[in-house]
Amino acid sequence: MISYVKSEHLKFKRTFSRKLLIAVPLFNIGFSFFMNPSFLITNTFNWWSILFVPLTIAILCSLSHQKEQKAANYNGIFTLPVSLPAIWYSKNIVIALYMLVMLLFFIIVMSIISILLPGYSTPYIKIVEASAVLWISTLWQIPFCLFLAKRWGFVFTLVVNIAGGFLLGIALATHSQWWISPWSWSIRMMSPIVGVHPNGVPLAVGSPLWNLQVVPVGLVLSICLFIILMVWTASSFNRVATASVKQQGGV
């Protein structure tokens, strides 16, 4: 599996994808500061969960698909004596690691801001905790977006994942049925961790959104959905590949 992961990682070499890992956190911080500098931390995490993480995942998955599509429309992979599910898993792993690197870079930048500008300082543990929860709770979007990108392309993937965050995410995040929409999970969990309402304002004292019990529930749901989507999409990828090779007389 390590060799597959290395191979997928090399496919992103000298591409726009790696620049995103630095550009998106910086843009998010700048955007949050411009919107309301008084609530830089809370706004940053709120926009992470609503817009910037879904956007980045959709772009990375779409670029991964375009890379394969340009290389003989996946035929270079389908005809090789390799494990097709392993290739699919490695694509998910590489993008998951890229998202982790992006959030680690964000943690470093926010730590520097806290040191240089004490007025915007926040407990380091809160930044790390929120970033970790955000990463885990959005992993499911990777196999989901890879599947959409391969099936319907870049624009469709982008629209679906961003619309999911804005429409299904925000709409249900404040309700007791927040667990119904996967896009609501990260938004809902940011509320008690960093004290932010899904609409971007600080939580009021006594708000039910301070309830930390949603965090373990959301994490379990996120991990389960990630595993289910990984296995299902890998199986689908394998079936499509097998059918494609048969049509070309490869087997």
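Refer to the structure presented above.
Residues numbered from 1 in each chain as written. Predicted model: local features only at pLDDT ≥ 70, side-chain atom pairs only at ≥ 80, totals over all residues. Heavy atoms only, no water.

A. How the structure looks around the overall build of the chain. Scanning the chain from N- to C-terminus turns up ten helices and zero strands. Scanning the chain from its N terminus toward the C terminus, one meets helices and strands in the order α-α-α-α-α-α-α-α-α-α. Out of the 251 residues belonging to the chain, those deemed buried represent 49%. In the chain, 70% of the contacts between residues at least 6 apart in sequence involve partners at least 24 apart. By element, 73% of the accessible surface of the chain is carried by carbon and sulfur atoms, the whole surface being about 11900 Å². (Helix = DSSP H or I, 4+ residues; strand = E, 2+ residues; numbered from the N terminus. Buried < 20%, exposed > 50% of the residue type's maximum accessible area, 1.4 Å probe, protein only. Contact = heavy atoms within 4.5 Å. Areas by Shrake-Rupley, 256 points an atom, 1.4 Å probe, with all protein chains shown as cover.)

B. Expanded view of helix 3 (residues 40-70). The largest bend in helix 3 comes to about 55°, at Trp48. Of all 31 residues that make up helix 3, 24 are buried, and the element is covered over most of its length. (Bend = angle between axes of the 7 residues up to and from the residue.)

C. Main features of the side chain of Ser222. Here Ser222 is to be found in helix 10 (residues 214-247). Within the structure, Ser222 has its side chain in polar contact with the backbone oxygen of Gly218 (distance 2.7 Å). Those residues in contact with Ser222 that sit more than four places away from it in its chain are Ile136, Ser137, Trp140, Trp185 and Met189. (Polar contact = N/O pair within 3.5 Å; in protein donor to acceptor, adjacent residues only side chain to side chain.)

D. A look at the packing of helix 8 (residues 154-173) against helix 9 (residues 182-195). Running from N to C, helix 8 and helix 9 cross one another at 60°; their axes reach a closest spacing of 7 Å. Taken together, the axes of helix 8 and helix 9 are oblique relative to one another. Where helix 8 crosses over helix 9, the two elements pack in a sense that is right-handed. Contacts between helix 8 and helix 9 involve Val160, Asn161, Gly164, Gly165, Leu168, Gly169, Ile170, Leu172 and Ala173 from the first element and Trp183, Ser184, Ile187 and Arg188 from the second. Here the residues of the contact of helix 8 with helix 9 are counted per class, giving seven nonpolar, five polar and one charged. (Axes fitted to C-alpha atoms, helices over the stretch in contact; angles between N-to-C directions. Parallel < 35°, antiparallel > 145°, perpendicular 65-115°, else oblique. Left-handed = near helix turned anticlockwise from the far one by under 90°. Nonpolar A, V, L, I, M, F, W, Y, C, P; charged D, E, K, R; others polar.)

E. Quick peek at the packing of aromatic side chains. Enumeration according to the criterion identifies 15 aromatic pairs in this entry. Relative to Trp183, the ring of Trp140 has its centre 5.1 Å away and its plane inclined at 80°; by these criteria the two rings are edge-to-face. One end of the pair, Trp140, is in the loop between helix 6 (124-137) and helix 7 (141-152); the other, Trp183, is in helix 9, with 43 residues separating them in the sequence. Across this residue pair, the class does not change: Trp140 and Trp183 are buried. Ring centres of Trp152 and Phe156 lie 5.2 Å apart, and the angle between their planes is 45°; on these two criteria the pair is classed as tilted. (Phe/Tyr/Trp six-rings, centres within 6.5 Å; stacked < 30°, edge-to-face > 60°.)

F. Structural detail: the packing of helix 3 against helix 5 (residues 84-116). Between helix 3 and helix 5, whose axes approach to 11 Å, the crossing angle comes to 150°. Here the hand of the crossing between helix 3 and helix 5 comes out right-handed. Of the residues in helix 5, those in contact with Leu40, Ile41, Thr44, Phe45, Trp48, Val53, Thr56, Ile57, Leu60, Cys61, Ser64 and Glu68 of helix 3 are Lys91, Ile95, Tyr98, Met99, Met102, Leu103, Phe106, Met110 and Ile113. Considering only residue class, the contact of helix 3 with helix 5 consists of 16 nonpolar, three polar and two charged.

G. Seen up close, the environment of Ile187. Along the chain, Ile187 falls in helix 9. The spatial distance from the C-alpha of Ile187 to the C-alpha of Ser137 is 9.3 Å, given a sequence separation of 50 residues. Setting aside anything within four residues of it in sequence, one finds Ile187 in contact with Ser49, Ile50, Gly165, Gly169, Ile170, Ala173 and Pro198.

H. Local environment of the state of the cysteines. The tally for this structure, following the rule as stated, stands at zero disulfides. Sulfur of Cys61: no disulfide; nearest cysteine sulfur belongs to Cys145 and is 5.0 Å away. Taking the relative accessible area as the measure of exposure, Cys61 reaches 0% and is therefore buried. (Disulfide = S-S within 2.5 Å.)

I. Focus on the nonpolar core. Formed by 62 residues in total, the largest nonpolar core has its most connected members in Phe45, Trp48, Ile95, Met110, Trp140, Ile142 and Met190. Counting residues per element, the ones that place at least two in this core are helix 2 (16-35), helix 3, helix 5, helix 6, helix 7, helix 9 and helix 10. It is helix 5 that provides the largest number of residues to this core, a total of 15 residues. (Core = buried A, V, L, I, M, F, W, Y, C linked by side-chain atoms within 4.5 Å.)

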